[in-house]
Number of protein chains: 2
Amino acid sequence: MPDLATPGLLAYQPIGDYETEAGGTILDITIAYQRWGTFQGDADTNNVILIEHALTGDTDAAEWWGGLIGPGKALDTERWCVICTNVIGGCSGTTGPASEHPDGGKWGSRFPATSIRDQVGVEKQFLDAIGINRVHAVIGGSMGGARTLEWAAMYPDALDAACVIAVSARASAWQIGIQSAQISAITRDPDWHGGDYYGVCEGPVTGLAAARRIAHLTYRGEMEIDERFGTTAQQGENPLGEFRDPSQRFAVDSYLDYQGRKLVERFDAGSYVALTEALNRHDVSRGRATLNQALYSIKVPTMVIGVDTDILYPFHQQEHLSRNLGNVLSMHKLVSPVGHDAFLTEDRQMDRLLRRFISLVNDGREPTDGFGHDPEGAWII
Amino acid sequence: MPDLATPGLLAYQPIGDYETEAGGTILDITIAYQRWGTFQGDADTNNVILIEHALTGDTDAAEWWGGLIGPGKALDTERWCVICTNVIGGCSGTTGPASEHPDGGKWGSRFPATSIRDQVGVEKQFLDAIGINRVHAVIGGSMGGARTLEWAAMYPDALDAACVIAVSARASAWQIGIQSAQISAITRDPDWHGGDYYGVCEGPVTGLAAARRIAHLTYRGEMEIDERFGTTAQQGENPLGEFRDPSQRFAVDSYLDYQGRKLVERFDAGSYVALTEALNRHDVSRGRATLNQALYSIKVPTMVIGVDTDILYPFHQQEHLSRNLGNVLSMHKLVSPVGHDAFLTEDRQMDRLLRRFISLVNDGREPTDGFGHDPEGAWII
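Definitions and cut-offs
Residues numbered from 1 in each chain as written. Chains lettered and ligands numbered in written order. Predicted model: local features only at pLDDT ≥ 70, side-chain atom pairs only at ≥ 80, totals over all residues. Heavy atoms only, no water. Core = buried A, V, L, I, M, F, W, Y, C linked by side-chain atoms within 4.5 Å. Buried < 20%, exposed > 50% of the residue type's maximum accessible area, 1.4 Å probe, protein only. Contact = heavy atoms within 4.5 Å. UniProt positions renumbered as here; feature names shortened; annotations may be inferred. Helix = DSSP H or I, 4+ residues; strand = E, 2+ residues; numbered from the N terminus. Least-squares fit on C-alpha atoms with pLDDT ≥ 70 in both. Salt bridge = Lys/Arg side-chain N within 4 Å of Asp/Glu carboxyl O. Pairing = 2+ DSSP bridges. Axes fitted to C-alpha atoms, helices over the stretch in contact; angles between N-to-C directions. Phe/Tyr/Trp six-rings, centres within 6.5 Å; stacked < 30°, edge-to-face > 60°.

Engineer: An account of the nonpolar core is requested, with residue identities and associated values reported.
Structural biologist: Within the largest apolar cluster, 168 residues are counted, with the highest numbers of intra-cluster contacts made by Ile83(A), Tyr272(A), Leu321(A), Ile83(B), Tyr272(B) and Leu321(B). With sequence-adjacent residues up to four places away left out, Tyr272(B) is seen in contact with Leu55(B), Thr56(B), Gln182(B), Ile186(B), Leu208(B), Ala211(B), Arg212(B), Ala215(B), Tyr219(B), Leu263(B) and Phe267(B). Counting 33 residues, the second largest nonpolar core, distinct from the first, contains Ile69(A), Leu75(A), Ile305(A) and Ala342(A).

Below you can see the structure in the form of structure tokens.
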């Protein structure tokens, strides 16, 4: 029986050192995590659902996926033990560039480059450390989807099923291009100091906000943003004056400034660079086979979900996954003007799909509302 | 009979002062232009086709649209007198931020903000100066499409027909967001000096390259970029090393660096900011009516062309134009993985469409190859 965190509270688990895919070493790692619901079963057969957060996400999945995780919800915490760890390289409790280095100071530029595979390898080490050999399901979107896919590829015996959302089999050149543009916005900020700004200054907050502005425009569909803002001027400002004036903005620019400020308050620029770099390295085929062979060799039952208006991970990339994965449970499209972020915002659709996922994984029946409480349900545990 | 430039050669036309839509004044403007083909007709009825270049375009339309402009081509210079001016605020001969101010020094930050309407108003003043009251057609894509649309809205009696390509009725919030991100990349560069870097330093070349990188990813479809580069490493570089290293790149990053360098060599950052700001201000409805009413009031026969994979000006924006313009000749979709830039690269499709445009405008018949030379053709002149 694993010794788990108090439900809902942030806990810290030391897991020792880790050698990255590229040969770097991260010493003395701590993993921050949260769990909800009661663990049932044993190390090999249990009710654990592992949630993989996206780039700037954190362990509080019951908050950022609040419509989907909780008592009676699609991921019903009266039935499932839901666990969410903060990714390696992150800044919400897990070891990352802003953490203390064992030799003193912050990791900063000493933090090695990590890949999506490293994120999963570290998380596997975490599960080993808390005494769980296999989980019931892994679910994640965006970077969390890439991690879910690598879970199925790297440790097929450690999960019963996977739900891969709004991601691709590998980074596309366009994704690398736009992601490197974000990294560059941060590293061009004079306050970056080669990644060693900790204790020197506040850090590259302007660059981080600029990166977030670019990123946000890839997360949000142009239709949704235009619905909200159009060409409206920010209240009290005139973006149509005689001279261009950055203090006189369109409403959308004020909104994007706000998104940048909000991120700066809660996220470390070093982590943003580290995790964006990991996304650049996402490639299920690396060192394995051709891309489609690598996908076909993944035999974990997998649900694939995409968004019709996603420009960051366009829907054809999820179609590609569903055509080539070795054991597809089903394939679904979120229909939404929101774009990539729809998996975080379209609760009604996601609720249906995650209930369907749970149902398909457990007895193959079609889901009904509240199905998780059906006394006839033939659950795996 | 207007006194026109020698065919193919860059010429300069002084047109006096101009007051902008927002109340600024640009003094002593020079317009750079090129023309191809022999002028036929008079000031009011003639064979002039005006080509409107895109943001970083220039007067040399027979170069950047080389497949479409020339003897026997879709825009047949044996029949048409093709004219292309450099836009106000540009840096290819027309007055812009890098030009000499009459009071000394460069215009720099003294250059007023311009709108798409100003671009057209200035070009009208240019036509007046060379003695042309009305042209046969105006054709343009992207920013050139916005200018073409405003030609039809502002001076309906000054053109027989318009061909509006890969643009929208107004800037969308997403476009404003991504365009402002580019402006900000330039103005955050310490070498921007508030727009007055001329004679002080080389200018914000790093910021301009960064802006171009972002822009390029909106001009090019993710499928086309991924076809070319995928996750391939740049030759001799290893983007998967133990530490992130900007000198060890994916091929796509090297390509985008190259695109940035190329632009820096040929384009002024002040012009880039000025013209991007003009795109932010694009709005056919401003001061006129509702957006759809403003479009409906445009009675100039207009062909609308879009690109299926355009993320900058998505195809639904051209569908919107075609549903609402007051006199649509026809509506067409370029099918291409290239995205927005397809109107510059898909010569075969554009050739068909521009021949069709010429045909529809002149006698309503369907085009045939080489139709321009059909002795039966009932041309307007």
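Engineer: How would you summarise the UniProt feature "active site" (unreviewed entry) in chain A if you had to cite specific residues and measurements?
Structural biologist: Residues and elements named next belong to chain A. On the UniProt side, "active site" (unreviewed entry) is annotated at positions that read Ser142, Asp310 and His340 here. Considering the C-alpha atoms alone, the annotated residues occupy 199 residues of sequence yet fold into one spot, their largest mutual distance being 10.7 Å. Looking at the secondary structure, you find Ser142 in the loop between strand S7 (135-141) and helix H3 (143-154). Exposure remark for His340: the relative accessible area of 1% places this residue in the buried category. In this view, His340 contacts Ser142, Ala166, Thr218, Tyr219, Val307, Asp310, Leu312 and Tyr313; residues no more than four positions away in its chain are not counted.

Engineer: Run through the relation of the copies chain B and chain A, naming residues and quoting values.
Structural biologist: When chain B is fitted to chain A, the best match, at an RMSD of 0.0 Å, comes from turning it 180 degrees and sliding it 0.0 Å along the axis. Accordingly, the operation relating the two chain copies is best matched by a two-fold axis. Most of the interface of chain B is mirrored in chain A, where 100% of its interface residues again form contacts.

Engineer: Go over the pattern of salt bridges with me, naming the residues and quoting the values.
Structural biologist: Within the structure shown, the criterion is met by 36 salt bridges over all chains. Linking Glu150(B) and Arg288(B) is a salt bridge whose minimum nitrogen-to-oxygen distance equals 2.9 Å. Separated by 138 residues along the polypeptide, Glu150(B) in helix H3 (residues 143-154) and Arg288(B) in the loop between helix H8 (269-280) and helix H9 (291-296) bring together distant segments of the chain. Put simply, Glu224(B) and Arg220(B) hold a salt bridge, and the shortest N to O gap is 3.3 Å. Three or more residues are tied together by salt bridges with common partners; here these are Glu21(A), Arg117(A), Glu150(A), Arg286(A) and Arg288(A).

Engineer: Could you give me a rundown of the UniProt feature "binding site: substrate" (unreviewed entry) in chain A, with the residues and numbers involved?
Structural biologist: Residues and elements named next belong to chain A. In this structure's numbering, the residues bearing the UniProt feature "binding site: substrate" (unreviewed entry) are Arg212 and Asp341. Across 130 residues of sequence, these annotated residues stay compact in space, with a maximum C-alpha separation of 13.9 Å. Relative to the helices and strands, Arg212 is located in helix H5 (residues 205-219). In contact with Arg212, not counting residues within four places along its chain, are Thr56, Tyr219, Gln259, Gly260, Leu263, Arg266 and Tyr272. Position of Asp341 relative to the elements: it lies in the loop between strand S10 (328-334) and helix H11 (342-345).

Engineer: Help me get a handle on the sheet that holds S7(A), residues and values and all.
Structural biologist: Residue and element names in this part refer to chain A. Spatial strand order, S1-S2-S6-S3-S7-S8-S9-S10: eight strands in an open sheet with mixed pairing. Of all strands in the sheet, those bounded by a partner on one side alone are strand S1 (11-19) and S10. Adjacent strand axes in the sheet meet at a mean angle of 20 degrees when their direction is disregarded. Pairing between strand S9 (residues 302-307) and S10: six bridges, direction parallel. Bridging from a neighbouring strand, Thr302 pairs with Val328 of S10.

Engineer: How would you summarise the packing of aromatic side chains if you had to cite specific residues and measurements?
Structural biologist: The geometry of two aromatic rings is summed up by the distance between their centres and the angle between their planes. This structure, assessed with the given rule, holds 16 aromatic pairs over all chains. Aromatic side chains Phe229(B) and Tyr255(B) sit 4.6 Å apart centroid to centroid with 35 degrees between the ring planes, which places their arrangement in the tilted category. One end of the pair, Phe229(B), is in helix H6 (residues 222-229); the other, Tyr255(B), is in helix H7 (residues 251-266), and 26 residues separate them in sequence. Across this residue pair, the class does not change: Phe229(B) and Tyr255(B) are buried. Put simply, the rings of Trp192(A), Tyr197(A) and Tyr198(A) pair up and form one aromatic cluster.

Engineer: Account for the sheet that holds strand S10 (residues 328-334) of chain B, with residues named and values stated.
Structural biologist: All names here are of chain B. Taken together, the eight strands give an open sheet; going across it, the order is S1-S2-S6-S3-S7-S8-S9-S10, and neighbouring strands pair in mixed fashion. This sheet does not close on itself; its edge strands, each paired only once, are strand S1 (11-19) and S10. Across the sheet, the mean angle from the axis of one strand to that of its neighbour is 20 degrees, orientation sign disregarded. With six bridges joining them, strand S7 (residues 135-141) and strand S8 (residues 159-165) adopt parallel strand pairing. Bridge pairing links Ala137 to Ala161 in S8.

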